[in-house]
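Residue-level structural notes
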Amino acid sequence: YLLFSKIMYDCDSPHLICIDIDGTLTIYPDILPQENILAIREARLRGHKVCINTGRAYANLPACILNADCFDGLICANGSYIRVGDNVLRNAVFPEQTVYDAVQFFLEQDNRFCLLEGETHLLKLREYSALYGSPGILLQSVQELQNTYKGVLFNVFSCEGRLPESFLRRFGDRMEIFQCDVFADCTVPGCSKASGMQFMAAHYDIPSCNTVAIGDSANDLPMMTQSGFSVAMANAAEDVRIKADYVTAANTEAGVAQAIRTLFLS
């Protein structure tokens, strides 16, 4: 694995450690290695704050995360939803018309799996997806969305595959779009994992130089480039690995635990 390209200093002072879920903290499908849990708990005992920072909305968090009882906060939906304990500190949502228009676009022009994600609901377009499985309630039309789910709020519109240029032209100024290799996350303008990390750092009064971001994919790059120190998984895409300060082991080898021990527990 790559060596440090810059030296962590003053690691005994409180740090904020932000960790992606899929491909980083967990192993498909939604297995959270005990080694990661133990390292996170030890880091917290030493005064550091550890938070989830995921593209998933709150309603789409796996049970292994919700039941782990080892996080100081949850940054969800690419920074648009932030929660500490039972307190929701941020909940930035799409305007209803943006949701209606995006759903209509894919119902008319595409044949891919899409997922509307919010704090309380998951609604899907089409049943099958090798990437996502098939979570959520099947949505048949915009009219059903307007009638049955009137007033339900959404933070993320996630889609399988690469988004068509026609979608980017139509919605590029209405959504923050994070295109990864096999999926895209669309969220509220101005929101990203970086903005979520900055919000949480301010909440805990931790300077930005004492933030650490751990991730594996393109939507992790905003927080990795803005953090004081960045860690990529060995299984990360090459463009993510080359931009990281340190490359840890793969998610299947509890690379998060290795990184935390190397940086804070050795």
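In what follows, the accompanying structure is described.

Below, the discussion takes up the overall build of the protein. When you go through the protein residue by residue, the secondary structure sums to 9 helices and 14 strands. The C-alpha radius of gyration of the protein comes to 18 Å, within 12% of the 18 Å expected for a compact globule of 266 residues. In terms of principal-axis extent, the alpha carbons of the protein reach across some 55 × 35 × 30 Å. Buried positions account for 55% of the 266 residues belonging to the protein. In the protein, of all internal contacts separated by at least 6 residues, the share reaching a separation of at least 24 is 60%. Within the structure as shown, the protein displays about 11,300 Å² of accessible surface, and the carbon and sulfur contribution to it stands at 51%.

So, on to the packing of helix α1 (residues 34-45) against helix α9 (residues 255-265). Packing of α1 against α9 brings their axes to within 8 Å, and their N-to-C directions diverge by 25°. Relative to α9, the element α1 is oriented roughly parallel. Our pair here, α1 against α9, has a crossing hand that is left-handed. For the pair α1 and α9, contact is made by Glu35, Asn36, Ala39, Ile40, Glu42 and Ala43 and by Gly255, Val256, Ala257, Ile260, Arg261 and Leu265, respectively. Its residues placed into classes, the contact of α1 with α9 shows 7 nonpolar, 2 polar and 3 charged.

What follows deals with the pairing of strand β5 (residues 87-91). Two elements, strand β4 (residues 81-84) and β5, share 4 bridges in a ladder whose sense is antiparallel. In the strand pairing of β5, Val84 is matched with Asn87. What sits between β4 and β5 in their antiparallel hairpin is a turn of 2 residues, with Gly85 showing a positive phi close to 65°.

Moving on: the side chain of Ser192. Take Ser192: it is sitting in the loop between β11 (183-187) and α6 (193-203). Residues contacting Ser192, with those up to four places away along its chain left out, are Asn78, Gly79, Phe178 and Pro222.

This paragraph deals with the pairing of strand β6 (residues 114-117). Going residue by residue along β6, you find Cys114 and Leu116 tucked away on one face and Leu115 and Glu117 tucked away on the opposite face as well. Linking β6 to strand β7 (residues 122-125), which pair antiparallel, is a turn of 4 residues. Sheet topology places β6 next to strand β9 (residues 156-160); 4 bridges connect them, and they run antiparallel. Of the residues in β9, the one forming a bridge with Leu115 is Ser158.

Reading across the sheet, the 8 strands line up as β5-β4-β3-β2-β1-β12-β13-β14 and stay open at both edges, with mixed pairing between neighbours. Of all the strands in the sheet, just β5 and β14 (246-247) have a single pairing partner and so form its edges. Examined bridge by bridge, strand β1 (residues 16-19) and strand β2 (residues 49-53) share 4 bridges and lie parallel to one another. From the neighbouring strand, Leu16 faces β2, where its bridge partner is Lys49.

Next up on the list: the nonpolar core. Of all hydrophobic cores here, the largest spans 38 residues; its most connected members are Ile19, Leu25, Ile65 and Phe71. Ranked by the residues each element gives to this core, the list is headed by α9, at 7 residues. Discounting chain neighbours no more than four positions away, the residues touching Phe71 are Leu25, Ile40, Arg44, Val50, Ile52 and Ile65. Formed by 27 residues, the second largest nonpolar core is a distinct cluster that contains Val99, Phe154, Phe167 and Cys186.

Our next topic: the packing of aromatic side chains. Counted by the stated rule, this structure contains 7 aromatic pairs. When the centroid spacing of 5.3 Å and the interplanar angle of 70° are considered together, the rings of Phe105 and Phe167 count as edge-to-face. Residue Phe105 is found in helix α3 (residues 96-109), and its partner Phe167 is found in helix α5 (residues 165-171); the two are separated by 62 residues along the sequence. A connected cluster of aromatic rings, assembled from ring pairs, spans Phe105, Phe106, Phe157, Phe167 and Phe171.

With that settled, consider the side chain of Asn53. By the element assignment, Asn53 lies in strand β2. The buried category is assigned to Asn53, whose relative accessible area is 0%. Looking at Asn53, its side chain comes within polar contact range of the main-chain oxygen of Lys193, at 3.0 Å. For Asn53, the residues in contact, after removing those within four places along its chain, are Cys18, Ile19, Asp20, Ile75, Lys193, Met197 and Met223.

Relative to the helices and strands, Leu74 resides in strand β3 (residues 73-76). With 24 residues separating them along the chain, Leu74 and Val50 place their C-alpha atoms 9.1 Å apart. Setting aside chain neighbours within four positions, we find Leu74 in contact with Ile52, Tyr58, Leu61, Ile65, Leu66, Tyr81, Ile82, Arg83 and Met200.

The rules we used
Residues numbered from 1 in each chain as written. Predicted model: local features only at pLDDT ≥ 70, side-chain atom pairs only at ≥ 80, totals over all residues. Heavy atoms only, no water. Helix = DSSP H or I, 4+ residues; strand = E, 2+ residues; numbered from the N terminus. Rg over C-alpha atoms; globule rule 2.2 N^0.38 Å. Buried < 20%, exposed > 50% of the residue type's maximum accessible area, 1.4 Å probe, protein only. Contact = heavy atoms within 4.5 Å. Areas by Shrake-Rupley, 256 points an atom, 1.4 Å probe, with all protein chains shown as cover. Axes fitted to C-alpha atoms, helices over the stretch in contact; angles between N-to-C directions. Parallel < 35°, antiparallel > 145°, perpendicular 65-115°, else oblique. Left-handed = near helix turned anticlockwise from the far one by under 90°. Nonpolar A, V, L, I, M, F, W, Y, C, P; charged D, E, K, R; others polar. Pairing = 2+ DSSP bridges. Core = buried A, V, L, I, M, F, W, Y, C linked by side-chain atoms within 4.5 Å. Phe/Tyr/Trp six-rings, centres within 6.5 Å; stacked < 30°, edge-to-face > 60°. Polar contact = N/O pair within 3.5 Å; in protein donor to acceptor, adjacent residues only side chain to side chain.

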